[in-house]
Amino acid sequence: MGITIENLKKRIDVAAKRAPADLVIKNGKVVNVFTREIIREDIAIVDGYIAGTGTFEGKETVDASDKYIVPGFIDGHVHIESAMVTPPVFSNVVLPHGVTTIIADPHEIANVAGTYGIDFMLHTSEDIPLEVLLVLPSCVPATPFENAGASLEASDLEPYYSHPRVIGLGEVMDYPSVLHKDDNMLDKIMNATARERHIDGHASGIHSDGINVYMAAGIRTDHECVTAEEALTRLRKGMYVMLREGSAAKDLVALLKAVHEHTARRCLFVTDDKHLDEIIDEGSIDYHVKTAIREGLDPLLAIQMATLNAAECFGLKTKGAIAPGYEADLLLLNDLKTVDIDRVYKRGNLVAQNGHVIQPKKAFVASPAITDSLHIKHVSREDLKVRMNKGNRANIIEIKPKMIVTKHLIEKVDVIDGFFQPCTKKDQLKIAVVERHNETGNIGLGIVKGMGMKRGAIASTVAHDSHNIVATGTNDDDLLMAIQVTADMKGGLVVVEGGKPIVSLPLPIAGLMSDLDYQVIHERIKEVNKALERIGCSMEFNPFITLAFIALPVIPELKLTDTGLFDVKAFRHIEIEASNIT
């Protein structure tokens, strides 16, 4: 939001106490994130900005006695699509949790719909109380080893830098392209660098020498750390470390071991991918702050990480603090340690109170360019057979609960008439990824362990990052039905048992998002979870979220795409069959 000469004059007059402020918040205990101290003082607000702190008079006053006042929280890396709602509805959900600004990467919808997807996210995030800043998706498709719905070159992204809410280049997850100086990737990096824009990283499993490569290329952040040691490696190289706690990747507690007085200023909080029900029930960045405090971090340090650190990381010079010249994004807390949020202000306007948004925004209905996104060839039972020619040993994807990394196992499997047979006792299920963008007919098949499913099958079009149909099941009939139902409803989640769908959640917007209000979606997710329990899925983790990340071939160790089983460490496809031992 630009400033006019009239705004500037008015702000100076209020700061100099020659004119009353629009709003003064009085008697609050203000958290100063620069000095990490609490000061009882007034906050004078004019035209959505803070003109001064101290003692002020205003046209309107708010008594904040017994309240702590902290800056609005910033989510440094989030995919809105993962909450399965459009930006206006996402705003309704996260504002009551104190999140006033997000750095959104429309990577998911761009992999389905290309520039139409970016346009959709920019358009639907206009004129909502949540400030949505975008970084452009750098890897569409994510890798050359799968089929997505679009391909974005540097020339496709360049025009978006003229948009005032586009602040950088999104997570660069194709490390080999950076390492080997791929021209298209370097063009994307150079376009951002020439405009002095931020460049996000994605350094899953990358060692110290690889971090050198990323930093040398101008990439300054990473959200893929899973251990304190990985975090320290990045911090020592000068990176900002994003401490992630989403629905699939729950790394926060482990990463907090790397946070102390000397490292904290280069750390910030992100959700990355978090399902709607978990945001509603658990929280967003407020959950990170609460968890950090519970784990022993000084509350003022945790708040600094959620505000000033994130703002400085992205060069947001008027966000992240309560100080003159900063935007009046403020939270009034009943209690500092429990982060009990009473009121949320965005640019001086009350936008949420007592856990509820003040003026809810309606879901946005998309055009056919976004909703008509499923195009698959007919899938038959025969297409789902996994032939075992050499014996009974197979390369298996093992799930690691609450993590998006997997383990590469080699185990004996059941084989009948030369074909793999799922076995619930061994917890070995069949998994399929069906290409759904261009009717290629590609179907990648594999074996997964750790889902705990006893009956039926599940399928989804939320399958990072290409978002093909991903399905797993205990038998081919239910697996086939799950795939067909998902295609018929133009995207979404489905649970099948006994050849019949027992619950589904349509996601007609790019196969990723619903056009319903979040309360309706929340209830439907509860029904989905009950159905997952009914068919025996492990509820130690979210089966659908875990399933989605099994299709992401940039996260170690073994994954599945529409073109087959992919060994991430070797960065190549491998056969399902493993060498047999006699």
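To start, this report covers the structure provided alongside it. What you are looking at is a predicted structure, and each value in this text was computed from that prediction instead of being measured.

Another aspect to go through is the nonpolar core. Core analysis: the largest hydrophobic core is formed by 175 residues, its most contacted members being Phe90, Leu243 and Val289. Looking at which element gives the most residues to this core, the answer is helix H13 (residues 299-313), with seven residues. The contact partners of Leu243, leaving out residues within four places of it in the chain, are Leu252, Leu255, Leu256, Val259, Cys267, Leu268, Phe269, Val270, His288 and Met305.

Moving on: the sheet that holds strand S13 (residues 267-270). One open sheet accounts for three strands, arranged S11-S12-S13; its pairing is parallel. Single-partner strands in this sheet number two, and they are strand S11 (221-222) and S13. Contacts from helix H12 (residues 285-294) reach strand S12 (240-244) and S13 within the one sheet, and its direction differs from that of S13 by about 130 degrees.

For the rest of this paragraph, the subject is the packing of aromatic side chains. This model, assessed by the stated rule, comprises five aromatic pairs. Taken together through their ring pairs, the aromatic side chains of Phe145, Phe566 and Phe571 make up a single cluster. Here the guanidinium or amino end of Lys29 rests over the ring plane of Tyr68, the centre of that ring lying 4.1 Å away. Of note, Lys385 hangs over the ring of Phe419, and the distance from its end group to the ring centre comes to 5.0 Å.

What follows concerns the state of the cysteines. Disulfides are covalent bonds that link the sulfur atoms of two cysteine residues. Enumeration over the complete set of coordinates arrives at zero disulfides. Of all cysteine sulfurs, the one in Cys225 lies closest to Cys139, which takes part in no disulfide; the gap is 18 Å. Its sulfur unpaired, Cys267 is 8.9 Å from the next cysteine sulfur, which belongs to Cys225.

Parameters and conventions
- Residues numbered from 1 in each chain as written.
- Predicted model: local features only at pLDDT ≥ 70, side-chain atom pairs only at ≥ 80, totals over all residues.
- Heavy atoms only, no water.
- Core = buried A, V, L, I, M, F, W, Y, C linked by side-chain atoms within 4.5 Å.
- Buried < 20%, exposed > 50% of the residue type's maximum accessible area, 1.4 Å probe, protein only.
- Helix = DSSP H or I, 4+ residues; strand = E, 2+ residues; numbered from the N terminus.
- Contact = heavy atoms within 4.5 Å.
- Pairing = 2+ DSSP bridges.
- Axes fitted to C-alpha atoms, helices over the stretch in contact; angles between N-to-C directions.
- Phe/Tyr/Trp six-rings, centres within 6.5 Å; stacked < 30°, edge-to-face > 60°.
- Lys NZ or Arg CZ within 6 Å of the ring centre and 35° of its normal.
- Disulfide = S-S within 2.5 Å.

It is worth stressing that arrangement in space is one thing and function is another; only the former is reported here.
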